[in-house]
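Inside the fold
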Amino acid sequence: MKTISENRAFGGVQGVYSHSSTACSCEMTFGLYLPEQTEVGPVPILWFLSGLTCTHENAMVKAGAQRWAAEMGIAVVFPDTSPRGEGVANDPAFDLGQGAGFYVNATQEPWAPHFRMWDYVTDELPRLLFNAFPVAEAAQSITGHSMGGHGALTIAMSFPGRFSSVSAFAPICNPAASAWGRPQFSAYLGPDEAGWAAHDATLLMRKRGFDGPMLVDQGTADQFLDKLCPEALAEAMAARRQGGAFRMQKGYDHSYFFVASFMEEHVAFHAGALHA
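1. Remarks on the packing of helix α3 (residues 117–132) against helix α4 (residues 147–158)
One can describe the packing of α3 onto α4 by two numbers: an axis separation of 12 Å at closest approach and a directional angle of 60°. Classified by the angle their axes make, α3 and α4 are oblique. Considering the relative orientation of α3 and α4, their crossing is right-handed. Residue-level contacts link W118, V121 and T122 of α3 to T154, I155 and S158 of α4. For the contact of α3 with α4, the residue count by class is three nonpolar, three polar and no charged.

As structure tokens, this is what we get:
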């Protein structure tokens, strides 16, 4: 693992690191914020999964999580959204290829050799973090924005007992039925739609739900509402009587201004579950 940068922030350290990934067969980069409480011992960790076109850097710089994480004694990790580099498949479209991994393990060419973001985020990167940094494996929560909200919800529901809480900002809620999902799942996973269900938050909610508190925020002025399908997840949560909240925030769009506006509430939400 290589240290790219480390900067003092709110008493803690915002680091950026790279390493050779076995899952993705390339060099991967991630950001990690460690609050000053790590000087005493391991702290809980919040995963932040980013959306389309993003790298590890977007949320790390724009979401404003560090201030609240420092106050509440929580580490925050910002993984990249896809494999990158020479020899890694790509596409001219912004919502397929590099920057658009959709947090799945691709089974189709040319994506299969590198696009294994499910394994990277759920297995390889956690093992690296828990071995190299003072973060507590037994105290994890997860959140994300847009494509990353999709990833956070599907991962949380697929690993019962791992995450104390889950939240999402404007997640892609029903990708198996959406323009942000169907083309990508066809490319990465193939035409058999039965294999898509494991990566659809609405379908997973109908099937099993989440075994902890859940918070979803969606802006009413989001320019991508038709692709996000928030009503599908809200209906599935209500039908399942899922513990948590789905909030429509009046006038907010899809940008990081929206994310930053509610980041304090989301970090506090996770802190309540992590420190319980």
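This is not the end of the story, as more comes after the structure.
2. Points about the sheet that holds strand β8 (residues 214–219)
The nine strands are arranged β1-β2-β3-β5-β4-β6-β7-β8-β9 in an open sheet whose pairing can be described as mixed. Each edge of the open sheet carries a strand with a single partner, namely β1 (2–9) and β9 (245–249). Adjacent strand axes in the sheet meet at a mean angle of 20° when their direction is disregarded. Looking at chain direction, strand β7 (residues 163–169) and β8 are connected through four bridges and run parallel. Within β8, the residue paired with F169 across the bridge is D217.

3. Section: the packing of helix α2 (residues 65–72) against helix α9 (residues 256–274)
Orientation of α2 relative to α9, taken along the N-to-C sense of each, is 30°, at an axis distance of 9 Å. Considering the angle they form, α2 stands roughly parallel to α9. In this structure, the crossing between α2 and α9 has a hand that is right-handed. Each of A65, W68, A69 and M72 in α2 lies in contact with α9, whose residues at this interface are M263, E264, V267, A268 and A271.

The rules behind these values
- Residues numbered from 1 in each chain as written.
- Predicted model: local features only at pLDDT ≥ 70, side-chain atom pairs only at ≥ 80, totals over all residues.
- Heavy atoms only, no water.
- Axes fitted to C-alpha atoms, helices over the stretch in contact; angles between N-to-C directions.
- Helix = DSSP H or I, 4+ residues; strand = E, 2+ residues; numbered from the N terminus.
- Parallel < 35°, antiparallel > 145°, perpendicular 65-115°, else oblique.
- Left-handed = near helix turned anticlockwise from the far one by under 90°.
- Contact = heavy atoms within 4.5 Å.
- Nonpolar A, V, L, I, M, F, W, Y, C, P; charged D, E, K, R; others polar.
- Pairing = 2+ DSSP bridges.

In short, geometric facts, not functional conclusions.
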